[in-house]
Amino acid sequence: MSGLIAVGLPSTFKDSPSGKFSYKVVTISENKINSEDPNKKLSDELGFKEKKALVLKIGEEYQAIDAFCPHQGYPLAHGNLVDIEDFGVCFGKAIKCPAHFWTFGLDNGQCDRSPHKLKVYNCTTDSSGTVFISPKPKDV
(Lines give C-alpha, C1' and ligand atoms only; values in the text may rest on other atoms or scores of the structure.)
Protein backbone atom coordinates (compact mmCIF):
# COMPACT_ATOMS: atom_id res chain seq x y z
CA MET A 1 0.00 0.00 0.00
CA SER A 2 1.96 2.90 -1.37
CA GLY A 3 2.52 5.92 0.86
CA LEU A 4 1.11 4.24 3.96
CA ILE A 5 2.96 3.10 7.08
CA ALA A 6 2.70 -0.61 7.89
CA VAL A 7 1.74 -1.09 11.53
CA GLY A 8 1.56 -4.89 11.50
CA LEU A 9 -0.85 -7.72 12.05
CA PRO A 10 -3.39 -7.46 14.89
CA SER A 11 -1.56 -10.30 16.70
CA THR A 12 1.43 -7.94 17.18
CA PHE A 13 -0.64 -5.38 19.13
CA LYS A 14 -0.23 -5.17 22.94
CA ASP A 15 -3.14 -5.27 25.37
CA SER A 16 -3.73 -1.95 27.12
CA PRO A 17 -3.45 -1.79 30.92
CA SER A 18 -7.21 -1.17 31.07
CA GLY A 19 -7.90 -4.23 28.89
CA LYS A 20 -10.40 -2.26 26.77
CA PHE A 21 -8.24 -2.07 23.64
CA SER A 22 -5.01 -3.32 22.15
CA TYR A 23 -2.45 -0.98 20.66
CA LYS A 24 0.80 -0.40 18.87
CA VAL A 25 2.94 2.76 18.80
CA VAL A 26 4.56 3.60 15.45
CA THR A 27 7.00 6.29 14.35
CA ILE A 28 5.90 8.74 11.69
CA SER A 29 8.40 10.95 9.87
CA GLU A 30 7.18 14.14 8.29
CA ASN A 31 9.18 15.66 5.49
CA LYS A 32 9.20 19.41 6.03
CA ILE A 33 12.10 21.28 4.52
CA ASN A 34 12.94 24.79 5.68
CA SER A 35 16.59 25.73 5.32
CA GLU A 36 16.05 29.44 6.01
CA ASP A 37 16.37 29.22 9.82
CA PRO A 38 20.01 28.88 11.06
CA ASN A 39 18.81 27.83 14.55
CA LYS A 40 17.15 24.60 13.37
CA LYS A 41 18.54 21.24 14.48
CA LEU A 42 20.18 19.06 11.83
CA SER A 43 17.17 16.70 11.76
CA ASP A 44 14.94 19.69 11.07
CA GLU A 45 17.39 21.06 8.51
CA LEU A 46 17.26 17.76 6.62
CA GLY A 47 13.49 18.03 6.65
CA PHE A 48 12.55 15.12 8.89
CA LYS A 49 10.59 15.35 12.12
CA GLU A 50 9.73 12.20 13.98
CA LYS A 51 6.57 11.77 15.94
CA LYS A 52 4.69 8.82 17.34
CA ALA A 53 1.19 7.64 16.57
CA LEU A 54 -0.88 5.36 18.76
CA VAL A 55 -2.85 2.81 16.75
CA LEU A 56 -5.73 1.34 18.73
CA LYS A 57 -7.68 -1.82 17.98
CA ILE A 58 -11.12 -1.54 19.52
CA GLY A 59 -13.11 -4.66 18.73
CA GLU A 60 -12.58 -5.05 14.99
CA GLU A 61 -12.00 -1.35 14.30
CA TYR A 62 -8.78 0.65 14.17
CA GLN A 63 -8.17 4.26 15.21
CA ALA A 64 -4.88 6.19 15.11
CA ILE A 65 -4.05 9.34 17.09
CA ASP A 66 -1.00 11.12 18.48
CA ALA A 67 0.68 8.81 20.99
CA PHE A 68 1.23 11.42 23.71
CA CYS A 69 -1.00 13.88 25.51
CA PRO A 70 -0.31 17.41 24.21
CA HIS A 71 -0.76 18.80 27.73
CA GLN A 72 2.29 17.22 29.40
CA GLY A 73 3.37 14.36 27.16
CA TYR A 74 2.03 11.34 29.01
CA PRO A 75 1.64 8.14 26.92
CA LEU A 76 -2.00 7.73 25.93
CA ALA A 77 -1.51 3.96 25.50
CA HIS A 78 -1.74 3.82 29.30
CA GLY A 79 -5.02 5.74 29.25
CA ASN A 80 -8.55 4.46 29.57
CA LEU A 81 -11.06 4.13 26.74
CA VAL A 82 -14.36 5.88 27.51
CA ASP A 83 -17.62 6.61 25.73
CA ILE A 84 -18.49 10.17 24.75
CA GLU A 85 -22.08 10.39 25.85
CA ASP A 86 -24.82 12.75 26.80
CA PHE A 87 -27.89 11.56 28.70
CA GLY A 88 -27.11 7.94 27.85
CA VAL A 89 -26.62 8.48 24.10
CA CYS A 90 -23.15 7.41 22.94
CA PHE A 91 -21.58 9.73 20.35
CA GLY A 92 -18.23 7.99 20.02
CA LYS A 93 -15.13 6.85 21.84
CA ALA A 94 -12.43 8.85 23.58
CA ILE A 95 -9.17 8.16 25.37
CA LYS A 96 -8.58 9.55 28.84
CA CYS A 97 -5.03 10.66 29.68
CA PRO A 98 -3.67 8.67 32.65
CA ALA A 99 -2.05 11.74 34.22
CA HIS A 100 -4.70 14.45 34.45
CA PHE A 101 -7.75 12.64 33.06
CA TRP A 102 -8.18 14.93 30.06
CA THR A 103 -10.29 13.16 27.44
CA PHE A 104 -9.64 13.26 23.68
CA GLY A 105 -12.16 12.16 21.04
CA LEU A 106 -10.83 9.41 18.77
CA ASP A 107 -12.73 10.71 15.75
CA ASN A 108 -11.57 14.35 15.92
CA GLY A 109 -8.81 14.51 18.57
CA GLN A 110 -10.58 17.32 20.45
CA CYS A 111 -9.95 17.65 24.20
CA ASP A 112 -12.94 17.98 26.52
CA ARG A 113 -11.27 20.60 28.78
CA SER A 114 -9.05 22.78 26.66
CA PRO A 115 -8.22 23.80 23.11
CA HIS A 116 -5.56 21.04 22.97
CA LYS A 117 -6.12 18.65 20.10
CA LEU A 118 -4.58 15.37 18.94
CA LYS A 119 -3.85 14.61 15.32
CA VAL A 120 -6.02 11.79 13.95
CA TYR A 121 -4.82 9.43 11.20
CA ASN A 122 -6.66 7.21 8.71
CA CYS A 123 -6.32 3.45 9.22
CA THR A 124 -6.87 0.65 6.75
CA THR A 125 -6.15 -3.07 6.41
CA ASP A 126 -5.15 -5.18 3.44
CA SER A 127 -6.37 -8.66 2.48
CA SER A 128 -3.81 -10.31 4.81
CA GLY A 129 -5.11 -8.30 7.79
CA THR A 130 -2.04 -6.05 8.04
CA VAL A 131 -2.92 -2.65 9.50
CA PHE A 132 -1.67 0.54 7.81
CA ILE A 133 -1.94 4.22 8.70
CA SER A 134 -1.56 7.34 6.66
CA PRO A 135 1.51 9.44 7.56
CA LYS A 136 -0.54 12.61 7.15
CA PRO A 137 -3.23 13.50 9.67
CA LYS A 138 -6.89 13.79 8.71
CA ASP A 139 -8.44 17.21 8.28
CA VAL A 140 -10.93 17.21 11.17
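Quick note: structure is the one above.
## Details of the nonpolar core
If you look at the biggest cluster of nonpolar residues, it comprises 19 residues, and the most contacted ones within it are L54, L56, I65, L76 and I95. The element best represented in this core is strand β4 (residues 48–58), accounting for three residues. When near neighbours in sequence (up to four residues on either side) are disregarded, L56 contacts F21, S22, Y23, E61, Y62, Q63, I65, I95 and L106. Counting residues in hydrophobic clusters, the runner-up holds twelve residues, among them V26, Y62, Y121 and I133.

## A word on the sheet that holds strand β6 (residues 80–86)
Taken in spatial order, the three strands line up as β6-β7-β8 in an open sheet, and their pairing is antiparallel. Two strands close off the open sheet at either side, each with one partner strand: β6 and β8 (103–105). Shown here is a sheet whose adjacent strand axes are inclined to one another by a mean of 45 degrees, direction ignored. Here three bridges tie strand β7 (residues 89–96) to β8, and the two strands are oriented antiparallel to one another.

The rules behind the values
- Residues numbered from 1 in each chain as written.
- Predicted model: local features only at pLDDT ≥ 70, side-chain atom pairs only at ≥ 80, totals over all residues.
- Heavy atoms only, no water.
- Core = buried A, V, L, I, M, F, W, Y, C linked by side-chain atoms within 4.5 Å.
- Buried < 20%, exposed > 50% of the residue type's maximum accessible area, 1.4 Å probe, protein only.
- Helix = DSSP H or I, 4+ residues; strand = E, 2+ residues; numbered from the N terminus.
- Contact = heavy atoms within 4.5 Å.
- Pairing = 2+ DSSP bridges.
- Axes fitted to C-alpha atoms, helices over the stretch in contact; angles between N-to-C directions.

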